[in-house]
Every structure is written in structure tokens, then in C-alpha cells.
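The residues making up each chain are set out below.
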Amino acid sequence: MATWSNLGLQNSFSPLMEQLNFFHDHTILILIMITTLIAYIMFMLFFNKFTNRYLLHGQTIEIIWTILPAIILMFIALPSLRLLYLLDEINSPLITLKAIGHQWYWSYEYSNFLNLEFDSYMIPTDTLETNGFRLLDVDNRIILPFNNQIRILITATDVLHSWTIPSLGIKIDATPGRLNQTNFFINQPGLFFGQCSEICGANHSFMPIVIESIPMNYFIKWISSH
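Here the structure is a predicted model, which is why all the values come from computation and not from measurement.

### Description of helix α3 (residues 216-225)
Okay, step 1: When we look at burial in α3, the residues that qualify are Phe-219, Trp-222 and Ile-223. When α3 is viewed along its axis, its buried side chains cluster within an angular range of 100° and face the same direction. For α3, the exposed residues set more than 90 degrees away from the buried face come down to Lys-221, Ser-224 and Ser-225.
Okay, step 2: Where α3 is buried, its residues meet β1 (95-102), β2 (105-110), β3 (117-120), β4 (142-145) and β10 (208-214).

### Regarding the packing of aromatic side chains
Okay, step 1: If you walk through the whole model with that rule in mind, you get nine aromatic pairs.
Okay, step 2: With a centroid separation of 5.5 Å and an interplanar angle of 55°, the aromatic rings of Tyr-110 and Trp-222 are classed as tilted. In this pair, Tyr-110 is assigned in strand β2 and Trp-222 in helix α3, connecting sequence segments 112 residues apart. The same class applies to Tyr-110 as to Trp-222, namely buried.

### What about the environment of Ile-76?
Okay, step 1: Among the secondary structure elements, Ile-76 is positioned in helix α2 (residues 59-88).
Okay, step 2: Linking Ile-76 and His-26, residues 50 residues apart in sequence, is a C-alpha distance of 8.1 Å.
Okay, step 3: When near neighbours in sequence (up to four residues on either side) are disregarded, Ile-76 contacts Phe-23, Thr-27 and Ile-30.

### Quick word on the UniProt feature "transmembrane region" (unreviewed entry) in the protein chain
Okay, step 1: The positions that UniProt labels "transmembrane region" (unreviewed entry) are, in the present scheme, residues 28-51 and 63-87.
Okay, step 2: Taken end to end, residues 28-51 has its terminal C-alpha atoms 34 Å apart, with 75% of it in helix and 0% in strand.
Okay, step 3: Secondary structure across residues 63-87 comprises 100% helix and 0% strand; the distance between its end C-alpha atoms is 36 Å.

### Some points on the pattern of salt bridges
Proximity of charged atoms lets side chains of opposite charge pair with each other.
Okay, step 1: The final tally for this structure, using the stated rule, is two salt bridges.
Okay, step 2: Here Arg-141 makes a salt bridge to Asp-137, at a shortest N to O gap of 3.5 Å.
Okay, step 3: A relative accessible area of 6% means that Asp-137 is categorised as buried.
Okay, step 4: Between Glu-212 and Arg-141 there is a salt bridge, with its nearest N and O atoms 3.4 Å apart. Of the two residues, Glu-212 sits in strand β10 while Arg-141 sits in the loop between β3 and β4, which places them 71 residues apart along the sequence.
Okay, step 5: Bridged by salt links that share partners, the residues Asp-137, Arg-141 and Glu-212 form one connected network.

### Notes on unusual backbone geometry
Okay, step 1: Trp-104 follows Gln-103 through a cis peptide bond whose omega is -5°.
Okay, step 2: Inspection of the secondary structure puts Trp-104 in the loop between β1 and β2.
Okay, step 3: For Asn-115, which is not a glycine, the phi torsion comes out positive at approximately 55°.
Okay, step 4: Tracing the backbone through its elements, the reader meets Asn-115 in the loop between β2 and β3.

Cut-offs applied
Residues numbered from 1 in each chain as written. Predicted model: local features only at pLDDT ≥ 70, side-chain atom pairs only at ≥ 80, totals over all residues. Heavy atoms only, no water. Buried < 20%, exposed > 50% of the residue type's maximum accessible area, 1.4 Å probe, protein only. Helix = DSSP H or I, 4+ residues; strand = E, 2+ residues; numbered from the N terminus. Arc of directions from axis to C-beta. Contact = heavy atoms within 4.5 Å. Phe/Tyr/Trp six-rings, centres within 6.5 Å; stacked < 30°, edge-to-face > 60°. UniProt positions renumbered as here; feature names shortened; annotations may be inferred. Salt bridge = Lys/Arg side-chain N within 4 Å of Asp/Glu carboxyl O.

Encoded structure:
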């Protein structure tokens, strides 16, 4: 989860989020190189007292400063396109979860099991336990096994919502009358927090998402108890 004064991305807990982290660092490095070069050139302009009379019609320099940015853009575009296709890939999911956005709470259905569905509301601050997280904890968490491919179907009943878990690299719009899908792979146990990322009304800030990732044998016990 995000912590105080955290200016970077959250730690990644899925392979796709790791790739997104790598791509972010790769792009930032290119931007730093470009910014440094331009800053150096602009700085030197203030102190340069020489004039090149052939620079007014320089075919060579014009070719260089046209082709070079195109090459740099390719180094950004190709990894970006690769990631875009990876994020849309659906790989034989073990479990299908359906998330439905309401004003202002989420409800979930486990499509592989009969009559396994529940609503998930934010725990109010006045009833929150001492070790709870204000505005982030919910009364019914999503229980999922780690090291398994999970498919999630997302929709809404009233207005636009957005189902988002930053540490897993998931952000999908919940649109009324439309079913969106994505997949994710949690690679370790833990609690993963998110919130609705679409401005959906008065209580938009109070519909958090919590995934609890547990081993498969505990997940089977949890399914059996429901």
C-alpha cells in the first residue's frame, strides 16, 4: 500500500506490475538523458561567443535532429507496445471473479462456485480496530490464492467506477451495461489495497478494495466454509 511521502510507485506483487516498473525506470532514464543534454546546450548558449556561418543552412544537422528523436521514440514505443499486448493477454485462468461497482460499495461474485457472493463496504472510522487502516479497510475482503492466474470481470450498476489495485498493476473501468475483463497473477501472500479511481459521486473516496492473498490449501478451506 502507499505510505507517507511515497513519491514513487508502490512495490510490485505481480509479474506485469514488475514489467511496468521496469518500463517506468527505462522511460525516466531516457527523459533524464534528453533533459540533461538540452539543459547543457541552453546553458552553453549563454557563454558561447563564436558564430558558425555554415549553421544557417546545415542539411546534415537538420537530418540528425530529425532522425535522432525518431530513434529515441522507438526505444520508448516498442517496449510500451509489448507491455500493452501482455496486459491484454488472458492465460487459462484458474478462478474467475466478478466485481460490480455500486454507489458506493463493491459487490463480488465467484463465478466458479455456486452462491458465493458478497458486498464489500468500507469500515467506518468510528468502528475501526486499532490495527486497521482508515479509509482502506473493508468488512469483506476478496480472498484469492497466490501463484495462480486470476481473471476478473468488471461492471457497474449505476455510474462509472474504476477497479484499481496499484501494487498489482490493475486499473479497469467499471461501466454500466458493459463487461470488461483483465487478468492478474499474485506472486506472494499479503494484503493489497486499492480504491475506486473514477470520480463517481459524493462517496467516491469511500469505496476501497482489499485483496487478501493466501495459499491454495487455505483458500480451499475458505471456499468450503462458505
